[in-house]
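Each chain is listed here by its residues.
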Amino acid sequence: MAEKIQAKERLMRKLDAVQEDQYIEKVIAINRVSKVVKGGKRFSFTALIAVGNGNGTVGCGYGKANDVANSIRKALSNAKKSFFKVPVRGQTIPHEIIGHFGAAKVLLKPALEGTGVIAGGSVRAICDAAGIKDILTKSLGSANPINVTKATIDGLKKLRLERDMSELEGGE
């Protein structure tokens, strides 16, 4: 019985290793955080990461640990848990949308083929991971990478294709 469980665990690790190769991983921000204690300062690190398959699926994760490598590993794990599908038309998004989170607002506009990704750091990493090739964006309000990332995710989650809208209207 124990041998079967060990064999299954080995197989799962191999599958995870194969699946890891097909993901695009973009580090958005790494931050050193200090905590003042009796003996001095304790340093830890946070990592914000976007992960996608380059074909319309993307997720973002945040990890915190005592060293950079572990914080990145935790962020990757969190990002893979938060995957969602982005509706795309060709290599761009179907319509204009504004994503909100806290004081951060991100304007996402579809662009003509060949335009490229016109975006700042956080938004660019998410668009690259999602496989969006042509998009115009503007980050408004907050410059905090965490809030800008969450506002971008909010905007991408609100996107709808025309056929989805017609199904919603037909169902009402």
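For the structure, check the block above.
In short, a report on the structure. (Residues numbered from 1 in each chain as written. Predicted model: local features only at pLDDT ≥ 70, side-chain atom pairs only at ≥ 80, totals over all residues. Heavy atoms only, no water.)

**Considering the overall build of the protein**
Then comes step 1: Of the regular secondary structure elements, the protein holds 5 helices and 8 strands.
Then comes step 2: The secondary structure elements of the protein, listed N-terminal to C-terminal, are α-β-β-β-α-β-β-β-β-α-β-α-α.
Then comes step 3: Looking at the 172 residues of the protein, the share that counts as buried comes to 34%.
Then comes step 4: Look at the contacts in the protein between residues 6 or more apart in sequence, and 56% of them connect residues 24 or more apart.
Then comes step 5: Per element, the accessible surface of the protein, about 10600 Å² overall, is 53% carbon and sulfur. (Helix = DSSP H or I, 4+ residues; strand = E, 2+ residues; numbered from the N terminus. Buried < 20%, exposed > 50% of the residue type's maximum accessible area, 1.4 Å probe, protein only. Contact = heavy atoms within 4.5 Å. Areas by Shrake-Rupley, 256 points an atom, 1.4 Å probe, with all protein chains shown as cover.)

**A short note on the environment of S44**
Then comes step 1: Looking at where S44 falls in the secondary structure, it is placed in strand β2 (residues 40-52).
Then comes step 2: On the basis of relative accessible area, S44 is assigned to the buried category, the value being 13%.
Then comes step 3: In the structure, S44 is positioned 23 residues away from D67 in sequence and 6.3 Å away in space, judged by C-alpha atoms.
Then comes step 4: The contacts of S44, once residues within four sequence positions are left out, are N31, R32, V33, K64, A65 and N66.

**Brief notes about the sheet that holds strand β8 (residues 135-141)**
Then comes step 1: Read from one edge to the other, the open sheet built from 4 strands follows the order β5-β6-β8-β7, with strand pairing classed as mixed. Single-partner strands in this sheet number two, and they are β5 (97-101) and β7 (117-118).
Then comes step 2: Of the strands in this sheet, β5, β6 (104-110) and β8 are in contact with helix α4 (residues 145-158), which crosses β5 at around 135 degrees. (Pairing = 2+ DSSP bridges. Axes fitted to C-alpha atoms, helices over the stretch in contact; angles between N-to-C directions.)

**Some words on the packing of aromatic side chains**
Then comes step 1: Tallying each qualifying case throughout the model produces 1 aromatic pair.
Then comes step 2: With centroids separated by 5.3 Å and ring planes inclined at 50 degrees, the aromatic side chains of Y23 and F83 adopt a geometry described as tilted. Taken together, the residues span a long stretch of sequence, with Y23 in the loop between α1 (2-21) and β1 (24-37) and F83 in the loop between α2 (68-81) and β4 (84-85) at a distance of 60 residues.
Then comes step 3: When its relative accessible area of 21% is taken as the criterion, Y23 is described as partly exposed. (Phe/Tyr/Trp six-rings, centres within 6.5 Å; stacked < 30°, edge-to-face > 60°.)

**Examining the environment of F84**
Then comes step 1: Topologically, F84 is positioned in strand β4.
Then comes step 2: The contact partners of F84, leaving out residues within four places of it in the chain, are G56, T57, V58, I153, L156 and K157.

**Quick word on the pattern of salt bridges**
Then comes step 1: This model, assessed by the stated rule, comprises 1 salt bridge.
Then comes step 2: For K158, the salt bridge identified is with D154, shortest N-O distance 3.5 Å. Residue K158 and its partner D154 are both found in helix α4; the two are separated by 4 residues, about one turn of the helix.
Then comes step 3: Under the relative-accessibility criterion, D154 is labelled partly exposed at 26%. (Salt bridge = Lys/Arg side-chain N within 4 Å of Asp/Glu carboxyl O.)

**Thoughts on the pairing of β2**
Then comes step 1: Two elements, β1 and β2, share 13 bridges in a ladder whose sense is antiparallel. Bridge pairing in β2 places V36 opposite K41.
Then comes step 2: Between the antiparallel neighbours β1 and β2 lie 2 residues.
Then comes step 3: Where β2 meets strand β3 (residues 57-65), 8 bridges bridge the pair, whose relative direction is antiparallel.

**So, the pairing of β3**
Then comes step 1: The buried fraction of β3 is high, at 7 of 9 residues.
Then comes step 2: With 2 bridges joining them, β3 and β4 adopt antiparallel strand pairing. What sits directly across from V58, in β4, is F84.

**Brief notes about the side chain of T46**
Then comes step 1: Note on placement: T46 falls in strand β2.
Then comes step 2: Under the relative-accessibility criterion, T46 is labelled buried at 4%.
Then comes step 3: Apart from residues lying up to four places away in sequence, T46 is in contact with A29, I30, N31, V33, Y62, G63, K64 and S71.

By themselves, these figures tell us nothing about what the structure is for.
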